[in-house]
Amino acid sequence: MSTVTTSPATAPARRDAETTKAAILRAARHLLARHAHADITLKAVADRAGVSPPLILKYFGNKDTLFSQVMSFEADAAALLDAPLENLGRHMVRHVLLSQTRQGADPLLRIVFAPLHGEQGDILRANFRTQVSDRLAARLSGPDAGLRAELAVSALLGLGVMFGIARGTHLRAADLDDIADRWAPAVQAQLAPDPG
């Protein structure tokens, strides 16, 4: 495969360490969701983040250190699951949609591209299981909590793929609250134990 090239993104308004690191991580996540790990260069990440490659080395040391953070779902899972269980389905649906529309990044979609990433794909899958699916399952009561968590996350991934990758025209034209009203019950149904 050929190496990735990108068009420059707007540089952070204020060049402080945290803002710059966040821009670099967003750029690397964006590229990882679209290209094989081996094809992504530090220059491509730097171009997308609006920084120089040496600045990436200053903050992260090397490509492997940068991508070990990119392959973590820890922070994304914390935000995704940050709601009471009775409202969690709607919260998760809105979080996926708002992340894509406002931040240009989906908190979960990196997992869809795991097969492109060789050994790094195994790390991505393991992180996804422990940091997203297993973490959600731990919040659920009743039988089959693990299965129900994976089904709920599957519904979110499907929505994320259709909205962000397939760019469904009807879905993207719809009001986000309308989408949440329609999709959240399917997610929420997996979060509550079957009363029967």
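Keep in mind that what you see is a predicted model, and the values were worked out from it rather than measured.

Draft legend 1. Main features of helix α1 (residues 17–32). For α1, which comprises 16 residues, the first-to-last C-alpha distance of 22 Å matches the rise-based estimate of 22 Å (1.5 Å per residue) to within 8%. On the buried face of α1, the contacting elements are α2 (42–49), α3 (53–60), α4 (63–70) and α5 (74–80). Measuring from the backbone nitrogen of Glu 18 back to the side-chain oxygen at the start of α1 gives 3.2 Å, which picks out Asp 16 as the cap.

Draft legend 2. Geometry of the environment of Val 70. With respect to the helices, strands and loops of the structure, Val 70 is situated in helix α4. Each C-alpha atom of the pair Val 70 and Arg 102 lies 19 Å from the other, and the pair is 32 residues apart in sequence. Residue contacts for Val 70: discarding those within four places in its chain leaves Leu 25, Ala 28, Arg 29, Leu 32 and Arg 110.

Draft legend 3. Looking closely at the packing of aromatic side chains. Taken as a whole and assessed by the stated rule, the structure comprises 1 aromatic pair. Summarising the aromatic geometry, the rings of Phe 73 and Phe 128 are spaced 5.2 Å apart at their centres and angled 80° between planes, so their arrangement reads as edge-to-face. Linking Phe 73 in the loop between α4 and α5 with Phe 128 in helix α7 (residues 118–139), this pair joins segments that are 55 residues apart in sequence. Here Phe 73 matches Phe 128 in class, with each residue buried. For Arg 110, the ring lying beneath its charged end belongs to Phe 73, and the centroid distance is 4.3 Å. Residue placement shows Arg 172 over the ring face of Phe 163; its charged tip is 4.6 Å from the ring centre.

Draft legend 4. Up close: the pattern of salt bridges. Counted by the stated rule, this structure contains 10 salt bridges. We note a salt bridge from Asp 47 to Lys 43, for which the minimum N-O separation is 2.9 Å. One end of the pair is Asp 47 and the other is Lys 43, both in helix α2 and 4 residues apart, which spans about a single turn. In this structure, the salt-bridge partner of Glu 74 is Arg 135, at a minimum N-O distance of 3.1 Å. Of this pair, Glu 74 sits in helix α5 while Arg 135 sits in helix α7, and the two are 61 residues apart along the sequence. Taking the relative accessible area as the measure of exposure, Glu 74 reaches 40% and is therefore partly exposed.

Draft legend 5. Inspection of the side chain of His 95 at higher detail. Looking at where His 95 falls in the secondary structure, it is placed in helix α6 (residues 88–103). By relative accessible area, His 95 is classed as buried at 17%. In this structure, His 95 is in contact with Asp 76, Ala 79, Leu 80 and Pro 107, ignoring residues within four places of it in sequence.

Draft legend 6. Representation of the side chain of Ser 133 in the model. Counting through the fold element by element, Ser 133 comes out in helix α7. If sequence neighbours within four positions are ignored, Ser 133 has contacts with Phe 128, Ala 149 and Glu 150.

Draft legend 7. Main features of unusual backbone geometry. Even without being glycine, Asp 144 reaches a positive phi, approximately 55°. Position of Asp 144 among the secondary structure elements: in the loop between α7 and α8 (145–165).

Draft legend 8. Representation of the nonpolar core. Grouped together as the largest cluster of nonpolar side chains are 55 residues, with contacts concentrated most on Val 45, Ile 56, Leu 66, Phe 67, Met 92 and Leu 136. A per-element tally of this core places α8 first, with 9 residues. When near neighbours in sequence (up to four residues on either side) are disregarded, Leu 66 contacts Ile 24, Leu 25, Ala 28, Leu 42, Val 45, Ile 56 and Phe 60.

Thresholds applied
- Residues numbered from 1 in each chain as written.
- Predicted model: local features only at pLDDT ≥ 70, side-chain atom pairs only at ≥ 80, totals over all residues.
- Heavy atoms only, no water.
- Helix = DSSP H or I, 4+ residues; strand = E, 2+ residues; numbered from the N terminus.
- Expected span 1.5 Å × (residues − 1).
- Contact = heavy atoms within 4.5 Å.
- Polar contact = N/O pair within 3.5 Å; in protein donor to acceptor, adjacent residues only side chain to side chain.
- Phe/Tyr/Trp six-rings, centres within 6.5 Å; stacked < 30°, edge-to-face > 60°.
- Buried < 20%, exposed > 50% of the residue type's maximum accessible area, 1.4 Å probe, protein only.
- Lys NZ or Arg CZ within 6 Å of the ring centre and 35° of its normal.
- Salt bridge = Lys/Arg side-chain N within 4 Å of Asp/Glu carboxyl O.
- Core = buried A, V, L, I, M, F, W, Y, C linked by side-chain atoms within 4.5 Å.

Spatial relationships are all this shows, so hold off on functional conclusions.
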